[in-house]
2 protein chains.
Amino acid sequence: MPQVSPALSRRRSPSEILAPLARPLAGLERFIHAQCDAFEPGVADCARYVAGNQGKRLRPALGLLSARACDGRPLDEAEEPLLRACAIVEMVHIATLVHDDIMDGASLRRSRLTAGAKWGKEISVLLGDCLFAQALVLAASFPTPEVCRRVAGAANLVCTGEILQTQRRFDLKLSVEEYLRIIEMKTGALFALAAELGAQQGGANAERAAAFADFGRLLGTAYQVYDDCLDLVGAEKEIGKSLGADLREGKLTLPVLLLLREVQDSEHHLVSSILLNEHATGRALLLDFLRKHDAIRAAAQRAREILRQAASRLDRCPSTPAHQALAETVAYLDEEMAELK
Amino acid sequence: MPQVSPALSRRRSPSEILAPLARPLAGLERFIHAQCDAFEPGVADCARYVAGNQGKRLRPALGLLSARACDGRPLDEAEEPLLRACAIVEMVHIATLVHDDIMDGASLRRSRLTAGAKWGKEISVLLGDCLFAQALVLAASFPTPEVCRRVAGAANLVCTGEILQTQRRFDLKLSVEEYLRIIEMKTGALFALAAELGAQQGGANAERAAAFADFGRLLGTAYQVYDDCLDLVGAEKEIGKSLGADLREGKLTLPVLLLLREVQDSEHHLVSSILLNEHATGRALLLDFLRKHDAIRAAAQRAREILRQAASRLDRCPSTPAHQALAETVAYLDEEMAELK
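Let us look at the structure shown here. (Residues numbered from 1 in each chain as written. Chains lettered and ligands numbered in written order. Predicted model: local features only at pLDDT ≥ 70, side-chain atom pairs only at ≥ 80, totals over all residues. Heavy atoms only, no water.)

1. Let's talk about the overall build of chain A
For step 1, the next point in the chain: A tally of regular secondary structure across chain A gives 16 helices and two strands.
For step 2, the next point in the chain: Its C-alpha atoms give chain A a radius of gyration of 20 Å, near enough to 20 Å, the size a compact globule of 341 residues would have.
For step 3, the next point in the chain: C-alpha extents for chain A along the principal axes are approximately 60 × 55 × 35 Å.
For step 4, the next point in the chain: When burial is assessed residue by residue, chain A has 56% of its 341 residues classed as buried.
For step 5, the next point in the chain: Considering only contacts within chain A whose residues lie at least 6 apart along the sequence, 76% involve residues at least 24 apart.
For step 6, the next point in the chain: Counting only carbon and sulfur atoms, one obtains 51% of the accessible surface of chain A, whose full area is about 13,900 Å².
For step 7, the next point in the chain: Each charge sign in chain A was given a centre, from 41 positive and 45 negative side chains, and these centres are 1 Å apart. (Helix = DSSP H or I, 4+ residues; strand = E, 2+ residues; numbered from the N terminus. Rg over C-alpha atoms; globule rule 2.2 N^0.38 Å. Buried < 20%, exposed > 50% of the residue type's maximum accessible area, 1.4 Å probe, protein only. Contact = heavy atoms within 4.5 Å. Areas by Shrake-Rupley, 256 points an atom, 1.4 Å probe, with all protein chains shown as cover. Lys, Arg positive; Asp, Glu negative; His and termini not counted. Charge placed at Lys NZ, Arg CZ, Asp CG, Glu CD.)

Spelled out as structure tokens, the structure:
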């Protein structure tokens, strides 16, 4: 795990760690808002609504920190091309959320009506397309087609991961490796993109930019495992969404895949039938099994290993405030995961 | 109207006009097929299915002819970058069709099951996204970001046009100018892109490429008016789709917008109620009104004017077999439109 200096041994929350990014992140909001203004009036209102649903802006924060970890400049500085790169990643992310909500038939996201609930699925499909297209227009404003290639490639991976996940719903034969590959595409790809584009804007050479891409990919993958665990054992108010959604939708996540490998005979039969949504009280029953076989802890353990790999990618990075913030974020996540059971 | 040489005064069908493109268009099919193969196995099958639903390949044909009209090379020649540019445009088009079918809840396209009917809307939304993203990956393989910018910009326009169209369904206050602007975005943008990218690949300078973009935009707009007329008065077997779909979906097209300007008082009231889908026998009644007020012919006349503007954009083009084919296509469409009533 990355070294955390003694002065920081009191664990800081992500909002404390990321506080120095307040100014660049405010700039990011203005940038994204201005992009929405560029749409036709009827479309701009919709775009502002979905883009304004804040979210955690994890990917832009990762992009900003990656840039500053490479060039050592102060954390509260962010030049226009860097903000643009971060905005591109976030706009692709927002576009995928808009489409996700249509697919899930979700009516709420972060306590607000989804685009689909507000304007119907027709507008929402097209709105996601518009946001994605506008992100690519922005990507094409860089001097070389490299940014476009990376952005389009990452978007392709995200959608491919989601297609594979959808195709494998309720498929009890899904292996742990297949699951990890799917979430690496679905979530890791945009984290990788944010870190890579950020590093490039921070002047990283190809080797260092690739290391940051790897860091982002592994961090995103570990984060997705964590998120999948929370869907089973999180506190509803904390994570701001209804629990057990994956179970209802037939998404088999790491804890249940590990559980399936542990249980045998009649237990295997019962767990399988719960996962196939054949039990009204499925979630409570499943939680008993997950705890009996320590499957949540085993999944978190796997995520922590991935996190460790992520951290190792930044080993050769000079120690800067940004590097420290990345290391602290990793350490924070690691401790959160250590507490899961 | 463009001059058609005496030897060609017997009107040739589009398939005769475009016959010399058989080889490049076969190359295009192979190219698109190979792009589908590049997806993950589970996605590749879906992509091949929707991409293989042939369609008329109007946009690639326009791109090929535009290139050869600029460089004067034989019609049956198509170098790889030109095929790639044409494939990009067609892949964006296919992606929009996949999303269109979801929005319309359509179960058949060109007599085959739609992606939505085959795999559900989840997979279809993502499949459209994947195809679009892959088109952008291809666009980023050109040496400058210019192609990406154009492709993403055109995709943005297409989706914006579709959003505006969706928002204005059943809106009897939609003006003719607004309708024309919407279809210019929805259909004109990809025709413009095909012609412009084709011209660029044929070595056109900026001025000539812009003239081809205008030609494509106007041609696409006129074609969409024609298609909208056919939705009302076409023969079901000829156009391969069920008639009156626009009426059912509340899409107000040029003939009905022109009709609305002609009718008064009780007629206006009745036509309005038909357009708002308040009559079981709406389509038959509406056709009577359209014919009584000559509104189909008036719409076709407007489309022919747009076609004339399109043709004028190629006035300064040297006479080549490709230019001749474009002029003949325009003349063919013009005669088809002249026959509408």
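On we go from here.
2. What about the interface of chain A and chain B?
Interfaces are frequently sized by the accessible area removed from exposure as the parts join.
For step 1, the next point in the chain: If you look at the interface, chain A gives 43 residues, while chain B gives 43 residues.
For step 2, the next point in the chain: Buried area between chain A and chain B, summed over both chains or domains, comes out near 3,700 Å², and the portion from carbon and sulfur atoms is 73%.
For step 3, the next point in the chain: Counting the surface chain A buries against chain B, the share from its top three residues, Met103, Leu126 and Ile163 of chain A, is 16%.
For step 4, the next point in the chain: Remark: the boundary between chain A and chain B carries four salt bridges.
For step 5, the next point in the chain: For the salt bridge of arginine 169 of chain A with glutamate 122 of chain B, the shortest nitrogen-to-oxygen distance reads 3.9 Å.
For step 6, the next point in the chain: Inspection of the region where chain A meets chain B yields 10 residue pairs in polar contact (both at pLDDT 80 or more).
For step 7, the next point in the chain: Those elements giving two or more residues to the side of chain A that touches chain B turn out to be α3 (41-51), α5 (80-104), α6 (115-139), α7 (146-167) and α8 (176-201) of chain A.
For step 8, the next point in the chain: Across the side of chain A that touches chain B, the residue classes tally to 25 nonpolar, 10 polar and eight charged. (Buried area = accessible area lost by both parts, 1.4 Å probe. Salt bridge = Lys/Arg side-chain N within 4 Å of Asp/Glu carboxyl O. Polar contact = N/O pair within 3.5 Å; in protein donor to acceptor, adjacent residues only side chain to side chain. Nonpolar A, V, L, I, M, F, W, Y, C, P; charged D, E, K, R; others polar.)

3. Quick word on the nonpolar core
For step 1, the next point in the chain: Membership of the largest hydrophobic core comes to 251 residues, with the highest contact counts inside it found for Leu286 of chain A together with Leu286 of chain B.
For step 2, the next point in the chain: When neighbours within four sequence positions are excluded, leucine 286 of chain A is seen to be in contact with Leu232, Leu247, Val256, Leu259, Val271, Ile274 and Leu275 of chain A. (Core = buried A, V, L, I, M, F, W, Y, C linked by side-chain atoms within 4.5 Å.)

4. Overview of the relation of the copies chain A and chain B
For step 1, the next point in the chain: Superposing chain A onto chain B takes a rotation of 180° combined with a translation of 0.0 Å along the rotation axis, leaving an RMSD of 0.0 Å. Those values place the two copies in the arrangement expected of a two-fold rotation axis. Nearest to the rotation axis, the C-alpha of proline 145 of chain A is located 2.2 Å from it, this being the minimum over chain A.
For step 2, the next point in the chain: A high fraction, 100%, of the interface residues of chain A reappear at the interface in chain B, so the copies pair face to face through one surface. (Least-squares fit on C-alpha atoms with pLDDT ≥ 70 in both.)

5. Comments concerning the packing of aromatic side chains
Any two aromatic rings considered together are summarised by their centre-to-centre distance and by the angle between their planes.
For step 1, the next point in the chain: Overall, the coordinates contain five aromatic pairs over all chains when judged by the stated rule.
For step 2, the next point in the chain: Each ring, one from phenylalanine 132 of chain A and one from phenylalanine 132 of chain B, has its centre 5.1 Å from the other, and the planes form 90°; the classification is edge-to-face. Highlighted residues: phenylalanine 132 of chain A in helix α6 and phenylalanine 132 of chain B in helix α6 (residues 115-139), drawn from two different chains. Of the two residues examined, phenylalanine 132 of chain A and phenylalanine 132 of chain B, each falls in the buried class.
For step 3, the next point in the chain: Between the aromatic rings of phenylalanine 191 of chain B and tyrosine 223 of chain B, the centroid separation amounts to 6.0 Å while the plane-to-plane angle is 35°, which identifies the pairing as tilted. Of this pair, phenylalanine 191 of chain B sits in helix α8 (residues 176-201) while tyrosine 223 of chain B sits in helix α9 (residues 206-233), and the two are 32 residues apart along the sequence.
For step 4, the next point in the chain: One cation-aromatic arrangement involves arginine 84 of chain A over phenylalanine 142 of chain A; the distance from NZ or CZ to the ring centre is 4.4 Å.
For step 5, the next point in the chain: Here the basic side chain of arginine 112 of chain A rests over the ring of tyrosine 49 of chain A, its NZ or CZ set 4.2 Å away from the ring centre. (Phe/Tyr/Trp six-rings, centres within 6.5 Å; stacked < 30°, edge-to-face > 60°. Lys NZ or Arg CZ within 6 Å of the ring centre and 35° of its normal.)

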